[in-house]
Amino acid sequence: MKRNKQYILLLLTATLILVSGCKTARKATSGREGIFKEKEVFMSSVQQKALQFQTLSARMNADLNIPGKSLSSRVDMKIVKDSVFQLSVQPFLGIEVFRMEFSIDSVKMMDRMNKRYVLESYESLKGETPVDFNFYNLQALFTNHLFLPGKQSISPEEFIQFFYVENEGLAELRTKDETGLHYTFTADNEEKLVSTLIANATGSQKLQWDYTDFQQANSQSFPMRMKAQVVSGNENKGSLTLNFNKIEPDVPVRMDFTIPSKYTRITYAQIIKALSNLSK
């Protein structure tokens, strides 16, 4: 039970935390099976076809579903590549009630409704979640990029760390981290990343992140719909669907995380306890 709850909370905390407001199915985005290239060429092409940006501004509608509860909200996202990104949750007429900021070494959460905030280093969160927080990997999930667990980027020399296999008209790139978690990146024959799967060694616990509805943004392809879901055994423990309605690469973004002096600092463990009550 504790492990299952941790995975629900991973979905909540590692994606949006919208507290205020089985088998893995794989689908091709094209009916053509095509002929895939050798691994190194294919991986390079997948990387090149992913959205290229230095800054990113986006707006989306987010729908969170956990057993017995459904929450919806508008969310604004701002990213300065390889530096910081923010998520602003605005369920009521554009009024922000919750903000998160991920930087290279820490995570901040500000709960405006309850006038409290969290400021924790990733180092201090080790052992608190089933997957260690890593800014670069989380950035990759939100922007439809390949990643190597724990790394900032993937160099051609590191392609060897991926196992490449073709599967029913799709190509899978598989790797694992030092803790034994397995990562499967699935791309279609147009070399677009269509899903990322993170699972434990037995496959009994999974975080599946799917990318669909690819559209053009500044002459680049980007998935305007993302769905993340946590599966324990054959049971869906929660899902988060992101429907983007605006995506703007390389526009000026203003990052601010000023915490009012009257706000009370709480710990990550305290906010997780509050979130646990939602999932009971």
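Scroll up for the structure.
For every chain, the first residue of its written sequence is number 1, and the numbers climb from 1 along that sequence. Per-residue local features are limited, in this predicted model, to residues with pLDDT of at least 70; the limit for side-chain atom pairs, both in listing and counting, is 80 or more; totals at the level of whole chains, interfaces and linings are taken over all residues. To get the side-chain values, take all heavy atoms of the structure and skip hydrogens and water.

### Things to note about the pairing of strand β8 (residues 170–176)
A regular strand places its side chains so that they alternate between the two faces of the sheet. Any residue under 20% of the maximum accessible area for its type is buried, any over 50% is exposed, and the rest in between are partly exposed; the area is computed with a 1.4 Å probe on protein chains only. Helix and strand definitions follow DSSP, with helices as H or I runs of at least four residues and strands as E runs of at least two, each counted in order from the N terminus. Of all seven residues making up β8, five are buried, and the element is well covered by its neighbours. Strands are labelled as partners when DSSP assigns at least two bridges between them. Bridge analysis of strand β7 (residues 163–167) against β8 gives five bridges, and the strand direction is antiparallel. Bridging from a neighbouring strand, Glu 166 pairs with Ala 171 of β8. Between β7 and β8, which pair antiparallel and follow one another directly, the connecting turn spans two residues, one of which, Glu 168, has a positive phi of 50°. Of the strand pairs in this sheet, β8 and strand β9 (residues 182–187) are connected by six bridges, and their pairing is antiparallel. Within β9, the position partnered with Ala 171 by the bridge is Ala 187. Where β8 hands over to β9, the hairpin turn is made up of five residues, of which Gly 180 adopts a positive phi near 95°.

### Digging into the pairing of strand β1 (residues 55–66)
As judged from the 12 bridges shared by β1 and strand β2 (residues 69–80), these two strands associate in the antiparallel manner. Across the sheet, residue Ile 66 finds its bridge partner in β2, namely Lys 69. Adjacent in sequence and paired antiparallel, β1 and β2 are bridged by two residues, among which Gly 68 carries a positive phi angle near 85°. Of the strand pairs in this sheet, β1 and strand β13 (residues 235–249) are connected by 10 bridges, and their pairing is antiparallel. Residue pairing for β13: Arg 59 is matched across the bridge by Lys 246.

### Considerations on the pattern of salt bridges
Oppositely charged side chains can pair when the atoms bearing their charge come close. Any Lys or Arg side-chain nitrogen located within 4 Å of an Asp or Glu carboxyl oxygen qualifies as a salt bridge. Using the criterion set out here, one finds 12 salt bridges in the structure. Glu 191 is the salt-bridge partner of Lys 49, the closest N and O atoms lying 3.0 Å from each other. In this pair, Lys 49 is assigned in helix α2 (residues 39–49) and Glu 191 in the loop between β9 and β10 (193–199), connecting sequence segments 142 residues apart. Overall, Glu 191 belongs to the buried group, its relative accessible area being 7%. A salt bridge links Glu 172 to Arg 174, with the nearest nitrogen and oxygen atoms 2.5 Å apart. Given a relative accessible area of 34%, Arg 174 falls into the partly exposed group. Look at the salt bridges and you will find they share partners, linking Arg 59, Arg 74 and Asp 76 into a network.

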